[in-house]
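Letter by letter, the chains look like this.
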Amino acid sequence: FDFFGLSFRAGEDLRYQYMIEGLGRDWSAPSEQRSVTASLSPGKYRFLVRAVSSDGTVSARPASVSLNVLPPFWRRWWFLTLAALAVGLTIYTVDRYRIRRVVELERVRTRIATDLHDDIGASLSQIAILSEVVSARVGSDGDSPVSEPLATIAGTSREMVDSMSDIVWAINPKRDRLSDLAQRMRLFASDILSARDIRIRFSAPEAAKDVTVGADLRREIYLIFKETVNNLAKHSGATAAEVDFRLAGSRLVVVVSDDGKGFDVNGASENGDGERVSMGGHGLGSMRQRAEKLGGTYEVASEVGRGTKVTLKVPIKIKRRRRALAWRRLVPRRLLPK
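A brief look at the structure comes next. Sequence order as written defines residue numbering, which begins from 1 separately in each chain. Local features are withheld for residues below a pLDDT of 70 in this predicted model, meaning they are given only at 70 or higher, and side-chain atom pairs are given and counted only at 80 or more; totals for whole chains, interfaces and linings count all residues. The basis for the side-chain values is all heavy atoms of the structure; hydrogens and waters are excluded.

**A closer look at the environment of Val-256**
Counting from the N terminus, the helices are the DSSP runs of H or I reaching at least four residues and the strands are the DSSP runs of E reaching at least two. Tracing the backbone shows Val-256 in strand β6 (residues 251-258). In this structure the C-alpha to C-alpha distance between Val-256 and Leu-232, which are 24 residues apart in sequence, comes to 9.0 Å. Whether two residues are in contact is decided by their heavy atoms, any of which lying within 4.5 Å being enough. Here Val-256 is in contact with Phe-225, Thr-228, Leu-232, Glu-242, Val-243, Thr-308, Lys-309 and Val-310, once residues within four sequence places are set aside.

Printed below as a string of structure tokens:
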């Protein structure tokens, strides 16, 4: 702002005071300066200036100018509205794409699980049955040259059916709940240990029904558990075992303990068959590696004559089932897997 005043007195030196309404309500100190530079934020202002004579008399009416400083275009309401709409549309598009991909993946997983169960699983079962039928027609004579191959074919086919069942369970999207994992582990432990006359006690939390876990994590945990239970059944010599399946914060903890003969954790000891058992075995090492790949730990505590306790701890992302179902309700029916 540049300004000046007139005085009709000879030799009069005028001074000036100014005020910017919107920044403050006080006049500046009198000064001979006739120019003011101000950096103003967007808004409405009123610049006032008055002259002050040498005897202190001020102008009866100050000079004034009103101004409206406009904000830059990126701070105006229409730009902010368009930006908000663009961000919202982007989030909606990305989320729809993510949901579509999840639905497509579930559809593929469902189709693969169905094909494996209905086609390959049924074919393997048929091979096992036909092998047994042919073996029965050949006769019960053990000297038949085809009896042993037929028995091997039947046994291998049934083992493949069991393995196929585990694969189908692992990729089935309807089994992504933690409670399904606990139920599968319970059934496996009951079948294996009951055949060895080992009493089994399995405890799992009710809250696991609403927690979802991915297929890869379920499969890895289940394989570690299967190997642990198989070792227990083969080498422990136990009469009772206990499985504690629980959530501890953001970690899944599975504890398998037995009252068997145990072994020396720091070295090697003989089992009931006279075999040497050590912690460096391939089975325990592979289970440790599986647990470490999942970001967890696999610990074995045992003493000779006092049983064995195995603890598996794996971090999991807690995702409630209800929230997932709420998102699914937003997806058009044509996108959902049949």
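Read on for the rest.
**Side note on helix α4 (residues 215-235)**
Think of an α-helix as 3.6 residues a turn; residues three or four steps apart then line up on the same face. Multiplying one less than the number of residues by 1.5 Å gives the expected span of a helix. Look at α4: 30 Å from first C-alpha to last across 21 residues, which is about the 30 Å you get at 1.5 Å a residue. Just downstream of α4, Gly-237 is the residue with a positive phi angle, here 65 degrees.

**A word on the packing of helix α3 (residues 178-195) against α4**
How two helices pack is summed up by the angle between their axes together with the distance between the axes. Closest axis-to-axis distance for the α3/α4 pair is 10 Å, and the angle between their directions is 20 degrees. As the angle between them shows, α3 and α4 are arranged roughly parallel. Once α3 is placed against α4, the crossing between them reads as right-handed. Judged by residue contacts, Leu-181, Arg-184, Met-185, Phe-188, Ala-189, Ile-192 and Leu-193 of α3 engage Arg-218, Ile-221, Tyr-222, Phe-225, Lys-226, Val-229, Asn-230, Leu-232 and Ala-233 from α4. Gly is put with the polar residues, along with every residue not named as nonpolar or charged; the nonpolar set is Ala, Val, Leu, Ile, Met, Phe, Trp, Tyr, Cys and Pro, and the charged set is Asp, Glu, Lys and Arg. For the contact of α3 with α4, the residue count by class is 12 nonpolar, 1 polar and 3 charged. The angle between two axes is taken between their N-to-C directions and runs from 0 to 180 degrees, where each axis is a line fitted to C-alpha atoms and a helix contributes only its stretch in contact. Angle categories: roughly parallel below 35 degrees, roughly antiparallel above 145, roughly perpendicular from 65 to 115, and oblique for all the rest. It is the rotation of the near helix from the far one that decides the hand of a crossing: anticlockwise by less than a right angle makes it left-handed, clockwise makes it right-handed.

**Topic: a nonpolar patch on the surface**
Patch building starts from residues that exceed 30% relative accessible area and form no salt bridge, then joins like charges within 9 Å and nonpolar side chains (Val, Leu, Ile, Met, Phe, Trp, Tyr) within 5 Å. For accessible areas, the Shrake-Rupley method is used with a probe of radius 1.4 Å. Any residue's cover is judged against the shown protein chains and nothing else. Whenever Lys or Arg places a side-chain nitrogen within 4 Å of a carboxyl oxygen from Asp or Glu, that contact is recorded as a salt bridge. The grouping of Phe-73, Trp-74, Trp-77, Trp-78, Leu-82 and Leu-85 at the surface amounts to a nonpolar patch, some 760 Å² of accessible area in total. Mapping Trp-74 onto the fold places it in the loop between β3 (63-69) and α1 (77-138).

**Re the packing of helix α2 (residues 147-171) against α3**
Across the interface, α2 lies against α3 with an axial gap of 11 Å and an inter-helix angle of 165 degrees. Comparing their axes, α3 and α2 come out roughly antiparallel. Seen along the crossing, α2 lies across α3 with a hand that is left-handed. Contacts from Ser-165, Asp-166 and Trp-169 of α2 reach α3 at Asp-180, Leu-181 and Arg-184.

What is shown is where atoms sit, not what they do.
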